[in-house]
Amino acid sequence: AQKVTQAQTEISVVEKEDVTLDCVYETRDTTYYLFWYKQPPSGELVFLIRRNSFDEQNEISGRYSWNFQKSTSSFNFTITASQVVDSAVYFCALSEGIQGAQKLVFGQGTRLTINP
Amino acid sequence: DTEVTQTPKHLVMGMTNKKSLKCEQHMGHRAMYWYKQKAKKPPELMFVYSYEKLSINESVPSRFSPECPNSSLLNLHLHALQPEDSALYLCASSQGQRGSPLHFGNGTRLTVT
């Protein structure tokens, strides 16, 4: 069975600090996709990044970076120089393929609070 | 701005009411989804439509009835709900192939009294 674990329930840091959100996954598939979503208080889930199992290259987008390591089944997310606007719940998710669509298995989420 | 539009944003209904949630996307996506999210929990999949056909029903009670009138529209009809059905209902869409990211709407915050 597919499973995603986000062990950090809540994180609180002061603005401008760096913060890393952990994500560990379990799957028996050889081909799989991992995602990170951000959910601000408004409620919408915002897609941040997708990574497939064949691409272990780390990615950086502005202040955001992702570290994918198949050896440890982890897909961690780092925010550099955090800002108050980064406050949100962040979900890591693993895709389970179904015909013509896909089913996302979400972790429990990490509530990130950036204090001014 | 989100490319998946959900209406209404908020809905309060009694247990005997009938109401509908609506979702619309114009990205040409062929898969559409309904998720339910309780406070401080991750979203839970309810239904998946692929090419306008229901492909997954995650054992959702029959008081929730989905409908996909065309490839751009997705409805969720509600009847005889219970207070525990109060939640944020999220619609999403994606391209058909595995690995395509889901794009979510802002959700409908439903309160059942």
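All of the points below concern the structure found in this document. Per chain, residue numbering runs from 1 following the sequence as it is written. Lettering of chains starts at A and numbering of ligands starts at 1, both following the order in which they are written. In keeping with the model being predicted, local features are shown solely for residues with a pLDDT of at least 70 and side-chain atom pairs are shown and tallied solely at 80 or more, while totals for entire chains, interfaces and linings include all residues. Side-chain measures here rest on the full set of heavy atoms in the structure, leaving out hydrogens and waters.

Let us now look at the state of the cysteines. When two cysteine sulfur atoms lie within 2.5 Å, the pair is treated as a disulfide. Evaluated as defined, the whole model comprises 2 disulfides over all chains. A sulfur-sulfur separation of 2.0 Å characterises the disulfide bridge that pairs Cys23 of chain A with Cys92 of chain A. Judged by the torsion about the S-S bond (-65 degrees), the Cys23 of chain A/Cys92 of chain A disulfide is left-handed. Residue Cys23 of chain A is located in the loop between β3 (19-21) and β4 (24-26), and its partner Cys92 of chain A is located in strand β10 (residues 88-98); the two are separated by 69 residues in the primary sequence. One exposure class covers both Cys23 of chain A and Cys92 of chain A, and it is buried. Each disulfide pairs two cysteine sulfurs, and for Cys23 of chain B the partner residue is Cys91 of chain B, the sulfurs being separated by 1.9 Å. Between Cys23 of chain B and Cys91 of chain B the sulfur-sulfur dihedral comes to about -70 degrees; the bridge is accordingly left-handed. In this pair, Cys23 of chain B is assigned in strand β3 (residues 18-25) and Cys91 of chain B in strand β9 (residues 87-94), connecting sequence segments 68 residues apart. Put simply, DSSP marks the helices as runs of H or I at least four residues long and the strands as runs of E at least two long, and each gets a number from the N terminus on. Accessibility here uses a 1.4 Å probe with only protein chains present; expressed as a share of the type maximum, an area under 20% marks a residue as buried, one over 50% as exposed, and anything in between as partly exposed.

Here is the rule: rings of Phe, Tyr and Trp (six-membered ring for Trp) pair when centre to centre is within 6.5 Å. Planes less than 30 degrees apart are stacked, more than 60 are edge-to-face, and the remainder are tilted. A complete count under the given rule lists 18 aromatic pairs over all chains for this structure. Ring centres of Phe77 of chain A and Tyr90 of chain A lie 5.5 Å apart, and the angle between their planes is 65 degrees; this geometry places the pair in the edge-to-face category. Of this pair, Phe77 of chain A sits in strand β9 (residues 74-79) while Tyr90 of chain A sits in strand β10, and the two are 13 residues apart along the sequence. Judged by relative accessible area, which is 0%, Phe77 of chain A ranks as buried. Ring geometry for Tyr33 of chain B against Tyr35 of chain B: centres 6.4 Å apart, planes inclined by 35 degrees, an arrangement best described as tilted. Taken together, the ring pairs in this structure connect Phe35, Tyr37, Phe47, Phe91 and Phe106 of chain A together with Tyr33, Tyr35 and Phe104 of chain B into an aromatic cluster.

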